[in-house]
Amino acid sequence: MVLLHCQNKRLMAGVDAIALAGGETALSIEYGFAGHWSVGGEASYGFGNFCKGMDPLESSHRQEFSEESFTPLPSNLHKESIYAKYWPTHLMKGPYVLTAISHGNRTGTELIIGAGYILHIWKCLNAYTEYRFIISDPDNPGKGLSAGICLTFGK
């Protein structure tokens with residue numbers, strides 16, 4: 001009976017496109033366990049720390065045009081998060097609020113709150129955007145905006 005009940009829930013897997021552009025791979029998986037609640041986890045790896053800098057020729061050309069270029073490096077080599085989301089309208093559709101705890105190898109443990117929205121694109125493909133706010137560090141309050149693509153399975 002419990003197994004049949006679990007099969008009626010939703011599962012979501014996603015990738016953060018903004019983190020990817022910033023030199024970080026962030027993958028998440030989430031499970032909807034009740035009518036308006038879901039829990040999930042996210043793991044990220046900062047590959048930007050291993051990318052070599054700008055080519056000297058490109059750098060000299062940029063300096064000729066007074067352009068400064070800098071590639072943002074992720075602050076953590078790896079970071080793991082667990083979170084819970086509340087979906088006021090429908091599970092894994094539309095707006096949501098979240099609370100999370102994360103731990104990075106350089107930033108340590110952070111308590112996070114946030115809000116976001118999932119937009120259905122086609123079949124099980126969705127796009128999301130969210131804003132996370134770090135409440136445990138008053139000196140660095142904002143993690144900022146994230147957006148990406150996710151796949152949703154189930155009813």
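Residues numbered from 1 in each chain as written. Predicted model: local features only at pLDDT ≥ 70, side-chain atom pairs only at ≥ 80, totals over all residues. Heavy atoms only, no water.

Observations regarding the overall build of the chain
Secondary structure summary: the chain contains three helices and eight strands in total. Shown N-terminal to C-terminal, the secondary structure of the chain runs as helices and strands in the order α-β-α-β-β-α-β-β-β-β-β. Here the chain holds 155 residues, and 32% of them are scored as buried. For the chain, the share of sequence-separated contacts (at least 6 apart) that also reach a separation of at least 24 residues comes to 49%. (Helix = DSSP H or I, 4+ residues; strand = E, 2+ residues; numbered from the N terminus. Buried < 20%, exposed > 50% of the residue type's maximum accessible area, 1.4 Å probe, protein only. Contact = heavy atoms within 4.5 Å.)

Overview of the packing of aromatic side chains
Under the criterion given, the structure shown has two aromatic pairs. Ring geometry for Trp 37 and Tyr 86: centres 5.0 Å apart, planes at 55°, overall tilted. On the criterion of sequence distance, the pair formed by Trp 37 in strand S3 (residues 37-45) and Tyr 86 in strand S4 (residues 78-86) is long-range, its members being 49 residues apart. The side chain of Lys 85 reaches across the aromatic face of Tyr 96, ending 4.3 Å from its centre. Sitting above the plane of the Tyr 83 ring, Arg 132 keeps its charged end 5.7 Å from the centroid. (Phe/Tyr/Trp six-rings, centres within 6.5 Å; stacked < 30°, edge-to-face > 60°. Lys NZ or Arg CZ within 6 Å of the ring centre and 35° of its normal.)

Regarding the environment of Gly 108
By secondary structure assignment, the location of Gly 108 is in strand S6 (residues 108-122). C-alpha separation for the pair Gly 108 and Lys 79, spaced 29 residues apart in sequence, amounts to 9.0 Å. When near neighbours in sequence (up to four residues on either side) are disregarded, Gly 108 contacts Ser 102 and His 103.

Remarks on unusual backbone geometry
Of note, the phi angle at Met 92 is positive, near 60°, even though the residue is not glycine. Position of Met 92 relative to the elements: it lies in the loop between S4 and strand S5 (94-104). On the accessibility criterion, Met 92 (1% relative accessible area) is buried. Despite not being glycine, Lys 123 has its phi angle at roughly 45°, a positive value. For Lys 123, the position within the fold is in the loop between S6 and strand S7 (125-134). We classify Lys 123 as exposed; its relative accessible area is 63%.

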